[in-house]
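Structure assessment
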Amino acid sequence: MGVVNITPDSFSDGALFLEPHAAVEHARKLAADGADIIDIGGESTRPGAAPVSEAEELQRVLPVLGKIHDLCVSVDTRRPGVMRAALEAGASMINDVQALQAPGALEAVRSSRCAVCLMHMKGEPATMQREPHYDDVVAEVKEFLRQRIAAAEGAGIARERLVVDPGFGFGKTAEHNLQLLRRLREFGDLEVPLMAGLSRKSTIGKLTGRPVEERLAGSLAMALLALEGGARILRVHDVKDTRDVITVWQAFNES
Ligand code: 8Y7
């Protein structure tokens with residue numbers, strides 16, 4: 001999954017793709033580089049990011065979606081209104097960092113046949129990195145995801161449509177993120193495909209001392225570790241390089 005942020009303040013590529021034309025071009029490049037899914041988002045969930053109105057979010061996402069509906073597009077949103085509009089405009093997947101907890105979100109995706117990513121986040125984006133605490137991060141994240149799978153199924157969303165994601169960096173310290181990565185295999189118990197987003201994240205910065213534009217090697221190491229832990233969708237900025245990691249890993253695993 002290749003990331004296209006249509007925001008003025010993303011930490012990884014802020015404002016690079018705010019113009020619809022630039023975003024479309026970048027999406028096409030990521031697809032050509034080997035992304036199976038393009039994830040587009042119009043709201044930055046970075047701590048301290050400026051809030052975005054629903055109208056503004058729609059205005060960022062829809063013009064881009066309209067020009068790439070030949071691709072498999074995921075829309076990163078927490079808003080039911082944006083989910084509905086995106087699905088109407090041809091989105092194949094909804095990637096919700098709030099796991100369809102907003103009132104009306106389950107209903108917004110139910111009648112579609114889209115895939116859904118249910119991600120774990122502790123707290124709210126603005127404050128989630130203020131001393132997050134867990135007794136057992138893996139058990140707690142897993143239990144949350146188990147409950148959200150049940151909520152989705154209960155609302156009539158077939159299990160076959162679901163993907164889960166532990167939400168690296170969303171209300172987690174570097175140590176929490178490493179613990180999740182070490183024990184990623186345990187998420188296999190949930191029996192839905194696992195997605196992981198570690199690309200360029202601050203844990204890599206913390207470990208290597210590198211600024212965001214120098215985190216490619218760290219991101220590729222994380223990608224390989226996530227694959228080894230059972231992740232089957234990697235949400236990344238550097239598609240071409242991550243593809244090579246996947247190719248090598250797949251060859252290694254051929255008996
Ligand atoms: C993730 C994500 C972000 C992630 C899923 C960033 C929208 C921060 N991270 N969605 N979104 N998983 N499913 O660093 O890890 O790209 S935004």
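Higher on the page you've got the structure.
Cut-offs used in this document
Residues numbered from 1 in each chain as written. Predicted model: local features only at pLDDT ≥ 70, side-chain atom pairs only at ≥ 80, totals over all residues. Heavy atoms only, no water. Axes fitted to C-alpha atoms, helices over the stretch in contact; angles between N-to-C directions. Helix = DSSP H or I, 4+ residues; strand = E, 2+ residues; numbered from the N terminus. Parallel < 35°, antiparallel > 145°, perpendicular 65-115°, else oblique. Contact = heavy atoms within 4.5 Å. Nonpolar A, V, L, I, M, F, W, Y, C, P; charged D, E, K, R; others polar. Expected span 1.5 Å × (residues − 1). Buried < 20%, exposed > 50% of the residue type's maximum accessible area, 1.4 Å probe, protein only. Arc of directions from axis to C-beta. Polar contact = N/O pair within 3.5 Å; in protein donor to acceptor, adjacent residues only side chain to side chain. Core = buried A, V, L, I, M, F, W, Y, C linked by side-chain atoms within 4.5 Å. Pairing = 2+ DSSP bridges. Right-handed = clockwise from strand over helix to strand, strands pointing away. Salt bridge = Lys/Arg side-chain N within 4 Å of Asp/Glu carboxyl O. Near = heavy atom within 4 Å. Areas by Shrake-Rupley, 256 points an atom, 1.4 Å probe, with all protein chains shown as cover.

1. With respect to the packing of helix α5 (residues 137-154) against helix α6 (residues 174-182)
One can describe the packing of α5 onto α6 by two numbers: an axis separation of 9 Å at closest approach and a directional angle of 70 degrees. Judged on the interaxial angle alone, α6 and α5 are roughly perpendicular. Note on element contacts: α6 touches α5 through His176, Gln179 and Leu180, opposite Val137, Val138 and Val141. Its residues assigned to classes, the contact of α5 with α6 comprises four nonpolar, two polar and no charged.

2. Re helix α9 (residues 239-253)
With 15 residues, α9 ought to run about 21 Å at 1.5 Å a step, and its terminal C-alpha atoms sit 21 Å apart, in line with that. Restricting attention to buried positions, one finds in α9 the residues Val239, Thr242, Val245, Ile246 and Trp249. Axial view of α9: buried residues confined to an arc of 120 degrees, hence all on one face. Along α9, the residues that are exposed and aim more than 90 degrees away from the buried face are Lys240 and Val248.

3. Considerations on the environment of Gln101
Within the element layout of this structure, Gln101 appears in the loop between β4 (93-96) and α4 (105-110). A C-alpha to C-alpha distance of 25 Å links Gln101 and Ser199, two positions 98 residues apart in sequence. Apart from residues no more than four positions distant in its own chain, Gln101 is found in contact with Asp96, Phe144 and Arg148. Reaching out from Gln101, the side chain makes a polar contact with the backbone oxygen of Gln98 at a distance of 3.0 Å.

4. Considering the nonpolar core
Residues Val4, Ile40, Val75, Leu100, Val109 and Phe187 are the most contacted members of the largest nonpolar core, which totals 68 residues. Top element by residues in this core is α5. It accounts for seven residues. If sequence neighbours within four positions are ignored, Ile40 has contacts with Val4, Ile6, Val61, Val64, Leu65, Ile68, Val73, Ser74, Val75 and Asp76. If you look at the next biggest cluster of nonpolar residues, it comprises seven residues, including Met1, Ile37, Cys117 and Ile233.

5. Thoughts on the sheet that holds strand β1 (residues 2-5)
Spatially, β1-β2-β3-β4-β5-β6 is the arrangement adopted by the six strands of the open sheet, whose pairing is parallel. Looking along the sheet, the strands with just one partner apiece sit at the ends: β1 and β6 (162-165). Between one strand and the next, the sheet's axes are offset by a mean angle of 20 degrees, whatever the strand orientation. Here strand β3 (residues 73-76) runs beside β4; their pairing, made up of three bridges, is parallel. Each residue of the ladder has a partner; that of Asp76, found in β4, is Asn95.

6. So, the pairing of β3
Side chains on a regular strand alternate between the two faces of the sheet. Residues Val73 and Val75 of β3 are buried on one face, and the alternating residues Ser74 and Asp76, pointing to the opposite face, are buried as well. Bridge count for strand β2 (residues 38-41) against β3 is four bridges, and the pairing is parallel. Within β3, the residue paired with Ile38 across the bridge is Val73. Of the crossover connections in this fold, the one passing from β2 over helix α2 (residues 54-67) to the parallel β3 is right-handed.

7. Some details on the pattern of salt bridges
What the rule picks out here adds up to 15 salt bridges. Ionic pairing is found between Arg243 and Asp36, a salt bridge with its closest N-O pair at 2.9 Å. Note that Arg243 is positioned in helix α9 and Asp36 in the loop between α1 (20-32) and β2, a separation of 207 residues in sequence. Judged by relative accessible area, which is 26%, Arg243 ranks as partly exposed.

8. Things to note about the side chain of Asn95
By the secondary structure assignment, Asn95 is in strand β4. On the basis of relative accessible area, Asn95 is assigned to the buried category, the value being 4%. Reaching out from Asn95, the side chain makes a polar contact with the side chain of Asp39 at a distance of 3.2 Å. If near-sequence neighbours (up to four positions away) are discounted, Asn95 is found in contact with Asp39, Ser74, Val75, Asp76, Thr77, Cys117, Met195 and Arg235.

9. Concerning the site of the ligand
Around the ligand sit 13 residues, and of these Phe11, Asn95, Asp165, Lys201 and Arg235 come closest. With respect to the ligand, the side chain of Asp165 contributes an N or O atom lying 2.7 Å from a nitrogen atom. Within the contact set of the ligand, an oxygen atom lies 2.8 Å away from a side-chain nitrogen or oxygen of Arg235. Coverage of the ligand by the protein amounts to 93% of the 410 Å² it exposes when considered alone.

The values are spatial; any link to function lies outside them.
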